Structure formats: C-alpha cells, structure tokens
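# Structural features, examined
Spelled out, the chains give:
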Amino acid sequence: MKRLMIILFAGFATLLAVSAQDSLNYYLEMAARNNPSVMAAFHDYEVALQRIPQAGAYEDPRLDAGFFLKPMDIIDGRQIAQIQLMQMFPWFGVKKAARTETQHMAHMSFEQFRETRDNLFLDIYRQWYVLNRLQQRLKNNRENIELLRQLETLALRRFSSGGAAGEVAVSGESYSMSGDAANAISDKTGNLSTGGSMSGMMNTGKSGETQSTANTMSTMNVSSGSMAMTSSQGGLSGILRIRLELAELENSSESIRSEMNAEKARFNALLNCPAKNEVAVPDTFALTPYLLDIDIAMQMIAAQNPSLGMIREESAAYEAKEEMSRKMGYPMFGIGLQYMLIGNRNTATGISDMDMAANSAMDGKDMFMPMLSVTIPVYRNKYRAARKEAQFQQQAARARYDEAFNRMEAELYRVRHELDDAERKILLYRRQAALARTAYDLLVQEFASGKSDLSSIIQVQRQLSDYRLKESEAIADYNTMVATVQKMISSKDVEQ
C-alpha cells in the first residue's frame, strides 16, 4: 500500500508539472529551485548563520601543566607537578553585542539572497516577454501570409477572368509576357493554359500568319481599350508583388524561429536547464492590469525591499559593533584553579624528628589554589578608534540608505510614466488596428469589383501588421514595467 501511494503521488506530481508547463509561475518556481546564483546566495546565508554561535561562544579555557624532572623539596613535602586551569570572561554584554552584530550580518546575507532571487525573477520576466514578442511576430507573419494568400487567390481569379492572359497593352503598344512569368502565374491556376498558349504563339514568330495574327490581336486590344486588358495588367504586377511579399515574410519567419532558439537557450540558462529544452510560449499574452500608487508603493518598498533591508541590517550591525568596542575597553576577568602535586618528604634530608613531627600534618598533602585574573586596558586609543570607526560606518550606511531610497522613488515615477505611456499606446494601436482592418476589408471588396488596386491593399495590410506588432510590443513593455515594480516592492514570502 505504501509503494502504491508513493507511485500515485509521483504520478500526480508529474501530471501537475506537465499541466503547469505553460505557466510562467512554473518557470519561476523552477528557477528559484535550480538557478546556481540563487543557490549560492542561499548557501552564503547558511554560512552566515553558522557564525552566530561562534560569535557568542566564550574563549576556550587554558590548561597549563608542569612536571619536575627531579621533585623539588618544599617545607611540607616534595613538589612533583603543577597544573593550572584558567577561564577568561569578557566584560558583561560583550558577547551579546558580538552575537547581535553577527545576527545582523546574517540578516544581510538573507536580504542578499532575496535580492538575488528577485533579480532572477525580473530577468525571467524580461526574457519571457522577449519570447512573447518573437512569438507574436511569428504569429503575425502567419496571419499576414494567410491574408496575402487569400489576396493572391482573388487576384488570380481576377487575372484569369480578364480574357487575354499573355499580353499587356501599355500606351498603345503591345508587349509579350515572358514564358517564365506566364509559367509562374499559371502555376497557381488552371484557367491560364490558353493564355500561356497564346503567349507562346506570340513569342514563336515561326510564320508570317502567326505574327500577323498577333499583330491583329494587339491592334484590337489597343483600339478597344478593354477593361479586361487593364485588369490583366494590374493583376499580373499585383500577383508578382504579392509573391515578393510572401517570400519576404517566409524569410522573416525563418529568421524569427532562429532567434527564438537563441532566446530559449538563454531562458533555459536562467532555469539551469539544457539549452535545447523546449519552452512553451503561448500564442497570446494578455495585459497585466496594475494600479500604481506612489505613496503606498514607497511604503511597501521601505518595508520590504531587500536592498534597503541590507542597508538597515548593516547599520544595525555597526551599532552592535560600536557597543562591543565600547565594552571591550573594560577589563576582562579570569577565574582559574591551580593544583600542586606534592609527595612525602625524604627522611634523609637531615631534618630532626621534632621538626618532622611538627610538619607531619602537611607532609605530602596536595594543594589547591583558586585564582583570579584581570586584564587592565591601559592603552585606550585603539578602543576609541574602534568606536569612531563603527560610528562613521553607521553614518555611511544611513547615507547609502537615503541615496537608495531617493533613487527608488525617482525610478518609481519613471516606471509610472512608462506604464501610462504604454497603456496609451495599447489603446491607440488597438483603435488603429481596428480601423486598418476595416479599411483592408473595404479595399478587398473594392478590388474584387475593380475599384481599387493591389498597392493600396498591400499598404493597408502592412499598416495593420505594424499596428498589431506595436500593440504586442506595448503590452510586453507594460508587463515588464509591472514586473519591475513588483521587484522593487519584493515580498517576504521566504522565512529566515
């Protein structure tokens, strides 16, 4: 049952992962788990945490031991060895100040980890919207190719219905269409076989009768001034121009696909994934609505931004350092114990029995001696210099905080301007795209009825494509600015 539950859970997790591949949040979570820079910053934070117990620990006790190679005679025996144990204690509060300083330094490392994570997320957002821009360009090219193919079909129908498909009358003169051009046009429709035959007949010039027939037809076309030949002339040049546009769009699409492969490799590098991993980029991406209030945003930035948090923790660490430097100027105390190993006196020392009887109570008895040690901080200059150093460091940190806060406030005003500008552009491009689409549909209808030419349609079609691309660019810029604001505000969703 346990194995079954594990297998089911693994399968469920796999399904969730597969279903979430199209989500940007999925990639953000993957990057937070796998990115080397984020992992390195987190390990640095773990290193800083391990320094806290080191700063709060006391110095190791000192043990001194000495042995006499030849026992030394003393009054009450013979001293064989001497052992001394000493433990030093700093002034009250020194260790606490040192531990507080180290804790603030660890908090700085944590804020650095958050800063690294937020920078990574912003890079992913930017790269994601670069991919979205390319995807929209590719999608727009596909739509333009489809529109041009529809327009080509319409032009071919109009061209084939003109009657004479192989000859063009310009300024009263007759010009023969080359075989390559005729073949290029006839590839798209089966109704031009007769026109091709006529062109071939006109180009052969094998007999006077054939040439005469061609001249007769040319004369008829010039004299009649038929709309059929005029439409044939416009249709031929228009079809060739459409095919030029199609070739350019197909080449542009290939270039975009190649660029997308390079950008996907860069995106995968942020995720710490192989460069060839597929990235699921959606065909459409929507605007991320965001209402930016400068005052509220600055309050949140002051409370949550990791860059400002690092400076605050740095200033607090210097305050603790100043306190520690002040108390280091007070004496340190040492408490110890000395043990003397004493043996019995030798009876051959020449001391009388009366003296030995008087000292027999202490003869050979080991001695214990409590000890107290005090350091006297006489040279005060180094302690005063350490305090001033910490004070100047605090002033420097406060100045950096003010500079960073002002810079972020100015950046926030710039971002709000860009958000408003991008929003105005989005509305403008949507209106222009709608008008261009309406104009395009009208021009196509007029072209079908012979009231407009292909040049106008292609020009409007280009404008429509340009407006769509500009709209997608503006949406990507807007969403990138939203991500920039979110990065500045940050979030404390990671526990220390």
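To be clear, the structure that these remarks concern was listed above.
We now turn to the structure provided with this report. (Residues numbered from 1 in each chain as written. Predicted model: local features only at pLDDT ≥ 70, side-chain atom pairs only at ≥ 80, totals over all residues. Heavy atoms only, no water.)

## Some details on the overall build of the protein
When helices and strands are counted, the protein shows 13 helices and six strands. Here the protein, with 496 residues, has 37% of them falling under the buried criterion. Within the protein, contacts between residues separated by at least 24 positions form 85% of all contacts whose residues are at least 6 apart in sequence. (Helix = DSSP H or I, 4+ residues; strand = E, 2+ residues; numbered from the N terminus. Buried < 20%, exposed > 50% of the residue type's maximum accessible area, 1.4 Å probe, protein only. Contact = heavy atoms within 4.5 Å.)

## Section: the packing of aromatic side chains
According to the stated counting rule, one finds 16 aromatic pairs in the structure shown. Seen in terms of ring centroids, Tyr26 and Tyr27 are 5.6 Å apart; in terms of plane orientation they differ by 70 degrees. Their pairing is edge-to-face. Clustering of aromatic rings is evident, with ring pairs tying together Tyr26, Tyr27, Trp128 and Phe267. (Phe/Tyr/Trp six-rings, centres within 6.5 Å; stacked < 30°, edge-to-face > 60°.)

## Focus: the packing of helix 4 (residues 94-160) against helix 12 (residues 381-448)
Here helix 4 crosses helix 12 at 15 degrees, and the two axes come no closer than 10 Å. Judged by the angle between their axes, helix 4 and helix 12 are roughly parallel. As for how helix 4 packs across helix 12, the hand of that crossing is left-handed. Along its contact with helix 4, which presents Leu147, Leu151, Leu154, Ala155 and Arg158, the element helix 12 presents Arg437, Tyr440, Val444, Phe447 and Ala448. (Axes fitted to C-alpha atoms, helices over the stretch in contact; angles between N-to-C directions. Parallel < 35°, antiparallel > 145°, perpendicular 65-115°, else oblique. Left-handed = near helix turned anticlockwise from the far one by under 90°.)

## Looking at the side chain of Gln79
One can find Gln79 in strand 2 (residues 77-89). In terms of polar contacts, Gln79 uses its side chain to reach the side chain of Gln82, at 3.4 Å. Excluding its chain neighbours within four sequence positions, the residues that come into contact with Gln79 are Phe68, Pro71, Met72, Ile74, Met340, Leu341 and Ile342. (Polar contact = N/O pair within 3.5 Å; in protein donor to acceptor, adjacent residues only side chain to side chain.)

## Remarks on the nonpolar core
Ranked by size, the top nonpolar core spans 55 residues in total, and within it Ile124, Phe267, Ile301 and Leu412 carry the most contacts. Mapped onto this core, the elements with two or more residues apiece are helix 2 (24-34), helix 3 (36-55), helix 4, helix 8 (227-271), helix 9 (294-304), helix 10 (306-328), helix 12 and helix 13 (454-489). Beyond its immediate chain neighbours, meaning those up to four positions away, Leu412 contacts Leu292, Ile294, Ala297, Met298, Ile301, Val485 and Met488. By size, the runner-up hydrophobic cluster in this structure holds 20 residues, among which are Leu236, Ile242, Leu246 and Leu454. (Core = buried A, V, L, I, M, F, W, Y, C linked by side-chain atoms within 4.5 Å.)

## Some words on unusual backbone geometry
The bulk of non-glycine residues show a negative phi, and the bulk of peptide bonds are trans. A positive phi angle, close to 60 degrees, is found at Asn272, a residue other than glycine. For Asn272, the position within the fold is in the loop between helix 8 and helix 9. Notably, Ser490 is not glycine yet its phi reads approximately 60 degrees, a positive angle.

## Focus on the sheet that holds strand 6 (residues 367-374)
Pairing is antiparallel in the open sheet, where four strands are placed in the order 1-2-5-6. The sheet is open, and its two edges are formed by strand 1 (62-74) and strand 6, each paired on a single side. Ignoring which end each strand starts from, the neighbouring axes of this sheet average 20 degrees apart. Direction of pairing for strand 5 (residues 333-343) relative to strand 6: antiparallel, over a ladder of eight bridges. Across the sheet, residue Tyr339 finds its bridge partner in strand 6, namely Phe368. (Pairing = 2+ DSSP bridges.)

## Some details on the packing of helix 9 against helix 10
Two elements in contact, helix 9 and helix 10, have axes whose closest approach is 6 Å; the angle formed by their N-to-C orientations is 45 degrees. By the angle between their directions, the pair helix 9 and helix 10 is classed as oblique. When helix 9 is examined against helix 10, the residues Ile301, Ala302, Ala303 and Gln304 are found in contact with a partner set consisting of Pro306, Leu308 and Arg312. Looking at the contact of helix 9 with helix 10 residue by residue, the classes come out as five nonpolar, one polar and one charged. (Nonpolar A, V, L, I, M, F, W, Y, C, P; charged D, E, K, R; others polar.)

## A closer look at the pattern of salt bridges
The tally for this structure, following the rule as stated, stands at 27 salt bridges. Taking the shortest distance from any N to any O, the salt bridge between Arg462 and Glu245 comes out at 2.1 Å. Taken together, the residues span a long stretch of sequence, with Arg462 in helix 13 and Glu245 in helix 8 at a distance of 217 residues. Classification of Arg462 as partly exposed rests on a relative accessible area of 42%. The class for Glu245 is buried, based on a relative accessible area of 10%. Close ionic contact of Asp466 with Lys470 constitutes a salt bridge, the shortest N to O distance being 3.2 Å. Highlighted residues: Asp466 and Lys470, both in helix 13, separated by four residues, approximately one helical turn. Overall, the relative accessible area of 33% leaves Asp466 in the partly exposed class. Among the residues examined, Lys470 registers a relative accessible area of 35% and is labelled partly exposed. (Salt bridge = Lys/Arg side-chain N within 4 Å of Asp/Glu carboxyl O.)

## A short note on the environment of Ala280
Looking at where Ala280 falls in the secondary structure, it is placed in the loop between helix 8 and helix 9. Relative accessible area serves as the criterion here: at 21%, Ala280 is assigned to the partly exposed category.

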